[in-house]
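Residue strings, one per chain:
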Amino acid sequence: MNKPFYDPEKSYDENYEQGPFGDLADGVDLRESFDYAQDRPKYNFLGFKINTPFGIPSGPLLNSKFCKAAFEKGFDVIHYKTRRSIEFPSNKHPNVLFVDVEGDLTLQRAKKPLIASKNTEKDAKDFSITNSFGNPSPQAQVWMEDMKKAIESAGNGQLLIASVVGTIQAGFRDDDYHKDFAKTAQFAMEAGAKVIELNLSCPNVANEGIVCYSPGAVLNICKKTKEKIGEIPLLIKIGYFSKEQQELLEGIIKSILPYISGISAINTIPAKVLDADGNQALPGEGRLTAGICGASIKWAGLDMVKRLKQIKKKLNADFAIIGVGGVMDVEDYLEYRAAGADVVQSATGAMWNPKLAQQIRQKEKTKEEIISQFSPAAV
Ligand SMILES: Cc1cc2nc3c(=O)[nH]c(=O)nc-3n(C[C@H](O)[C@H](O)[C@H](O)COP(=O)(O)O)c2cc1C
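As a starting point, this report considers the structure included with it. The structure displayed is predicted, hence computed values, not measured ones.

What counts as what
- Residues numbered from 1 in each chain as written.
- Predicted model: local features only at pLDDT ≥ 70, side-chain atom pairs only at ≥ 80, totals over all residues.
- Heavy atoms only, no water.
- Phe/Tyr/Trp six-rings, centres within 6.5 Å; stacked < 30°, edge-to-face > 60°.
- Helix = DSSP H or I, 4+ residues; strand = E, 2+ residues; numbered from the N terminus.
- Buried < 20%, exposed > 50% of the residue type's maximum accessible area, 1.4 Å probe, protein only.
- Lys NZ or Arg CZ within 6 Å of the ring centre and 35° of its normal.
- Pairing = 2+ DSSP bridges.
- Axes fitted to C-alpha atoms, helices over the stretch in contact; angles between N-to-C directions.
- Contact = heavy atoms within 4.5 Å.
- Near = heavy atom within 4 Å.
- Polar contact = N/O pair within 3.5 Å; in protein donor to acceptor, adjacent residues only side chain to side chain.
- Areas by Shrake-Rupley, 256 points an atom, 1.4 Å probe, with all protein chains shown as cover.
- 1 Å grid on protein atoms, 1.4 Å probe; cavity = no way out; pocket = protein on both sides within 12 Å on 5 of 7 lines; lining within 4 Å.
- Sits in = over half its atoms within 2 Å of the grid points.
- Nonpolar A, V, L, I, M, F, W, Y, C, P; charged D, E, K, R; others polar.
- Parallel < 35°, antiparallel > 145°, perpendicular 65-115°, else oblique.
- Left-handed = near helix turned anticlockwise from the far one by under 90°.
- Lys, Arg positive; Asp, Glu negative; His and termini not counted.
- Salt bridge = Lys/Arg side-chain N within 4 Å of Asp/Glu carboxyl O.

A few words on the packing of aromatic side chains. On inspection of all chains with the given rule, the structure shows twelve aromatic pairs. Ring centres 5.8 Å apart and planes at 35 degrees place the aromatic pair Phe-54 and Phe-75 in the tilted group. Separated by 21 residues along the polypeptide, Phe-54 in strand S3 (residues 54–56) and Phe-75 in the loop between helix H2 (64–72) and strand S4 (77–83) bring together distant segments of the chain. Residue Phe-54 shares its accessibility class with Phe-75, and that shared class is buried. Grouping aromatic residues by their ring pairs yields a cluster made of Tyr-6, Tyr-12, Tyr-16 and Phe-133. The residue whose ring lies beneath Lys-10 is Phe-21, and the NZ or CZ to ring-centre distance is 5.2 Å. Cation over ring: Lys-312 sits above Phe-319, and NZ or CZ is 5.8 Å from the ring centre.

Attention shifts here to the sheet that holds S3. Pairing in this closed barrel of eight strands is parallel, and the strands run S3-S4-S8-S9-S10-S11-S14-S15 around the ring. With direction set aside, neighbouring strand axes in the sheet form an average angle of 25 degrees. Taken together, the five bridges between S4 and strand S8 (residues 159–164) define a ladder with parallel strand orientation. Across the sheet, the residue bridging to Tyr-80 is Ala-162, located in S8. The strands that helix H7 (residues 298–315) touches are strand S10 (234–238), strand S11 (262–265) and strand S14 (320–324); relative to S14, the one it contacts most, it runs at about 170 degrees. Each of S3, S14 and strand S15 (343–345) is contacted by helix H8 (residues 330–339), which is oriented at about 145 degrees to S15, the strand it contacts most.

As for its position among the elements, Ser-255 is in helix H6 (residues 246–256). For Ser-255, a relative accessible area of 27% puts it in the partly exposed group. Put simply, Ser-255 and Lys-355 are 100 residues apart on the chain and 40 Å apart in space, counted from C-alpha to C-alpha.

Close contacts around the ligand come from 23 residues, with Ser-58, Lys-81, Thr-82, Gly-326 and Thr-348 the closest. The side chain of Thr-82 places a nitrogen or oxygen atom 2.6 Å from a nitrogen atom of the ligand. Contacts to the ligand include Thr-348, whose side-chain N or O atom sits 2.5 Å from an oxygen atom. When the ligand sits alone it has 600 Å² of accessible area, and the protein chains cover 99% of it. The site holding the ligand turns out to be the largest cavity. Elements that contribute at least two residues to the shell around the ligand include exactly S4, strand S7 (128–131), strand S13 (289–294) and helix H9 (348–352). Counted by class, the shell around the ligand contains nine nonpolar, twelve polar and two charged residues.

Direction vectors running N to C along helix H3 (residues 140–152) and helix H4 (residues 174–190) enclose 40 degrees, while the axes themselves pass 9 Å from each other. Classed by the angle they form, the pair H3 and H4 counts as oblique. Handedness of the H3/H4 crossing: right-handed. On the side of H3, the interface is formed by Ala-140, Trp-143, Met-144, Met-147 and Lys-148, while H4 contributes Thr-184, Phe-187, Ala-188 and Glu-190. When the residues that make up the contact of H3 with H4 are grouped by side-chain class, the tally is six nonpolar, one polar and two charged.

Here the focus is the sheet that holds strand S12 (residues 269–274). In a beta sheet, neighbouring strands are held together by backbone hydrogen bonds and run either parallel or antiparallel to one another. Strand order around the closed barrel formed by five strands is S5-S6-S12-S13-S7, with mixed pairing between neighbours. Mean inter-strand twist for the sheet, computed between neighbouring axes without regard to direction, equals 55 degrees. Strand direction decides the pairing type here: strand S5 (residues 96–99) and S7, joined by four bridges, are antiparallel. If you follow Val-99 over to S7, its bridge partner there is Ser-128.

Attention now moves to the side chain of Lys-226. Following the sequence through the fold, Lys-226 ends up in helix H5 (residues 215–229). The side chain of Lys-226 sits in the buried core without any salt bridge; Glu-231 is the nearest counter-charge, 6.3 Å away. Side-chain polar atoms of Lys-226 contact the backbone oxygen of Gly-230, separated by 2.7 Å. In this view, Lys-226 contacts Glu-231, Ile-232, Pro-233, Leu-234 and Tyr-259; residues no more than four positions away in its chain are not counted.

The topology assignment puts His-79 in strand S4. Overall, the relative accessible area of 0% leaves His-79 in the buried class. For His-79, the side chain forms a polar contact with the side chain of Gln-345, separated by 3.1 Å. Once you skip the residues sitting within four places of it in the chain, His-79 turns out to touch Ile-56, Pro-57, Ser-58, Leu-61, Ile-161, Ser-163, Glu-197 and Gln-345.

Just distances and angles here, no functional claims.
Printed below as a string of structure tokens:
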């Protein structure tokens, strides 16, 4: 297996200071060498021209060094890691461990604990991990400065999306908490972000819960944020909604249609994570349950993309769908696109395979060449 560009052996702070690692960090800018048709970029996403509708979701790209390296390797739609309005520490190391899931991590399977370890025997396409950071954040001025640099490193046909989350602070009522999402989004706008995502689905934050399942909170947060960011397209990142929660999902989407331009799905699937001796694997309070991502959650991401597409049709609505979860190779990307994802992103897969964007570009190019042989005008 390749060395991942986020090194699980190191702390979050060490990764922030020293990363990225492995082949993502070799300094080679592949963008010049991509042999593309003259009319690139060709995909339209939220009004931005994009080379390839593929990239990395919020999380593994900790700062501008990571973002620049990802752009250089052809990840065209990338997120800067979720940021807060105030400085916030990371959960204790370890933050990333492999977990032993065979096949799909269904909701039924996720009710039983998973066993975590530092290594895996699995093939690069088949493994899953837990990630548990608690949304660490530098002070706003610090990340805003750095986000500016990250945005500047985007090439032609590339887009950086800012992800933000609210922070419960002493004396806060719900409305203050919701306003804090809006305030953080405003900071991202001031840093130059062209698209902003509200992280409504992080399972690792002890006090704050997963807001995407609370219709009132989602509506208030979206409304308050849109008031602050005006014309800037707003996305929400949500977790998996079970079939029984379909009505809830539909109701939430209907209520926020005036404010959002797109939905990213999914974040992780929460499960209890133990070590080989049956003890809590991740140290600290509130960390027995952690988010699982990688190959075993692809079923859930794909299912959500299909259901979002159905909702879009039913409501006659116009919002972009960003498909995330278990995209480990080119075939997974194609499956998501076929299911209705406007953009596809990979966190776990990309971390261990920095060539994934290059491989997808190659596949897209081959497809275009085949189409152009039959109908030159179509490409
Ligand atoms: C190292 C790591 C850090 C993450 N941090 C965040 C984050 O800050 N904000 C967020 O919305 N999602 C975060 N995620 C979740 C991913 O964006 C993604 O939704 C999830 O990992 C599923 O995709 P995957 O199966 O390709 O990993 C993180 C994931 C990983 C692997």
